[in-house]
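# A structural walkthrough
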Amino acid sequence: MDEEQLALNDDVLLLLDIFVILSVDRNPVLGVVLVGLLKAVTNDRSVRIAFILLVIVLNMGVRK
């Protein structure tokens, strides 16, 4: 991947990280810990985006 695509992925990851932290209503510290664990577990950006999207979808299902 070229540098432009990597920069775009980093921007998307940052926005998704912020969204996950804000979407965890009951305990925002849990969102921070989750984002930190995802960063520690994998270095692949596409896998991190997939896991973060999975967390968002699962969190939205819990709210209903």
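Our subject in this report is the structure included herewith. (Residues numbered from 1 in each chain as written. Predicted model: local features only at pLDDT ≥ 70, side-chain atom pairs only at ≥ 80, totals over all residues. Heavy atoms only, no water.)

Helix and strand content of the chain: three helices and zero strands. For the chain, the sequential pattern of α-helices and β-strands runs α-α-α. Considered along the principal axes of its C-alpha atoms, the chain spans approximately 40 × 20 × 15 Å. Within the chain, the fraction of its 64 residues that count as buried is 25%. Within the chain, residue pairs in contact and separated by at least 24 positions form 56% of the contacts whose partners lie at least 6 positions apart. (Helix = DSSP H or I, 4+ residues; strand = E, 2+ residues; numbered from the N terminus. Buried < 20%, exposed > 50% of the residue type's maximum accessible area, 1.4 Å probe, protein only. Contact = heavy atoms within 4.5 Å.)

Our focus in this paragraph is the side chain of aspartate 17. Along the polypeptide, aspartate 17 turns up in helix H1 (residues 3-23). When residues no more than four places from it in sequence are discounted, the contact partners of aspartate 17 are Val35, Lys39, Arg48 and Ile52.

Of all hydrophobic cores here, the largest spans eight residues; its members are Leu13, Leu16, Val20, Val35, Leu38, Ile49, Ile52 and Ile56. Elements with a contribution of two residues or more to this core: H1, helix H2 (28-41) and helix H3 (45-63). Aside from chain neighbours lying at most four places away, what touches valine 20 is Gly31, Leu34, Val35, Ile52, Val55 and Ile56. (Core = buried A, V, L, I, M, F, W, Y, C linked by side-chain atoms within 4.5 Å.)

Here we come to a nonpolar patch on the surface. Taken together, Val29, Val33, Leu37 and Val41 make up a surface patch of nonpolar side chains, about 390 Å² in accessible area. Tracing the backbone through its elements, the reader meets valine 41 in helix H2. (Patch = residues over 30% accessible without salt bridge, like charges linked within 9 Å, V, L, I, M, F, W, Y side chains within 5 Å. Areas by Shrake-Rupley, 256 points an atom, 1.4 Å probe, with all protein chains shown as cover. Salt bridge = Lys/Arg side-chain N within 4 Å of Asp/Glu carboxyl O.)

Here we take up the pattern of salt bridges. If you walk through the whole model with that rule in mind, you get three salt bridges. Between aspartate 10 and arginine 45 there is a salt bridge, with the nearest N and O atoms lying 2.7 Å from each other. Of this pair, aspartate 10 sits in helix H1 while arginine 45 sits in helix H3, and the two are 35 residues apart along the sequence. By relative accessible area, aspartate 10 is classed as partly exposed at 36%. Under the relative-accessibility criterion, arginine 45 is labelled partly exposed at 27%. Here aspartate 17 ties to arginine 48 by a salt bridge, and the two come within 3.8 Å at their closest N and O atoms. Here aspartate 17, found in helix H1, pairs with arginine 48, found in helix H3; they are 31 residues apart in sequence, far enough to count as distant.

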